[in-house]
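For reference, the chains in residue letters:
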Amino acid sequence: RQTIDTGRRQRLLNQQQDFDPVHRFKMLIPQLKESLQNLMKIASLNLTHNTIIDNGVTSNDAAVQRFDKSLEEFYALCDQLELCLRLAYECLSQSIDSAKHSPNLVPTATKPDTVQTESMSYAQYLGMIKSQISCAKDIHNALLECSKKIAGKGQPPGIM
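All residue numbers refer to positions counted from 1 along the written sequence of the respective chain. Given that this is a predicted model, residues contribute local features only at a pLDDT of at least 70 and side-chain atom pairs are listed and counted only at 80 or more, while totals for whole chains, interfaces and linings are drawn from all residues. Values reported for side chains reflect all heavy atoms of the structure, with hydrogen atoms and water molecules removed beforehand.

## Remarks on the packing of helix α2 (residues 21-54) against helix α3 (residues 67-101)
Axis definition: a line fitted to C-alpha atoms, limited for helices to the stretch in contact. Angles are taken between N-to-C directions and run from 0 to 180 degrees. We count a stretch as a helix when DSSP gives it H or I for four or more residues in a row; a strand needs E for two or more, and each element gets its number in order from the N terminus. Where α2 meets α3, the axes come as close as 9 Å, and the angle between the chain directions of the two elements is 160°. Put simply, α2 runs roughly antiparallel to α3. For the element pair α2 and α3, the recorded crossing hand is left-handed. Residues were grouped as follows: Ala, Val, Leu, Ile, Met, Phe, Trp, Tyr, Cys and Pro as nonpolar; Asp, Glu, Lys and Arg as charged; and all remaining residues, including Gly, as polar. Of the residues that constitute the contact of α2 with α3, the class distribution is 20 nonpolar, six polar and two charged. Orientation categories follow fixed angle ranges, with anything under 35 degrees roughly parallel, anything over 145 roughly antiparallel, 65 to 115 roughly perpendicular, and all other angles oblique. Note on convention: the crossing is left-handed when the near helix lies turned anticlockwise from the far helix by less than a right angle, right-handed when the turn is clockwise.

## Things to note about the pattern of salt bridges
For salt bridges, the criterion is a side-chain nitrogen of Lys or Arg within 4 Å of an Asp or Glu carboxyl oxygen. As enumerated under the stated definition, the model contains two salt bridges in all. Two residues, Asp68 and Arg66, come together in a salt bridge whose shortest N-O distance is 2.6 Å. Look at Asp68 and you get partly exposed, because its relative accessible area is 41%. Ionic pairing is found between Arg86 and Glu82, a salt bridge with its closest N-O pair at 2.6 Å. Separated by four residues within a single helix, Arg86 and Glu82 lie in helix α3, roughly one turn from each other. When a residue's accessible area, from a 1.4 Å probe over protein chains only, is under 20% of the maximum for its type it is buried; when over 50% it is exposed; and in between it is partly exposed.

Have a look at this one:
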């Protein structure tokens, strides 16, 4: 039973790490280094091969590797790293905004003994949520009103 639970925990941990952009970034760095080394090696071989041909010495063309494919692989890894960094930045921004707009925790019924002094009551939490909903409705109504005004200006005069 315990080995099954350990296996489940390990799979869950692996799944969480797959979605963690920082962990994914760390996993991609060795691949990027290897890809860059391969790219430089192929570039060097191709440069040497082209130099030999330019000097008029014949050589076999079978040893030449495709530079464009290794360059494409390198760029693909760079793109993945960029996406990981953007996602990590978005997660951080969302976390900061969340802490800013809802800084206090609401104690749960399952763990009442872990109530902290800075936590808010459920009534305070409901009040905060109601004010956020009211603000979202105000923004929605303002956008609707603005879109109606814009749509009204696009029509010829006298038609509404």
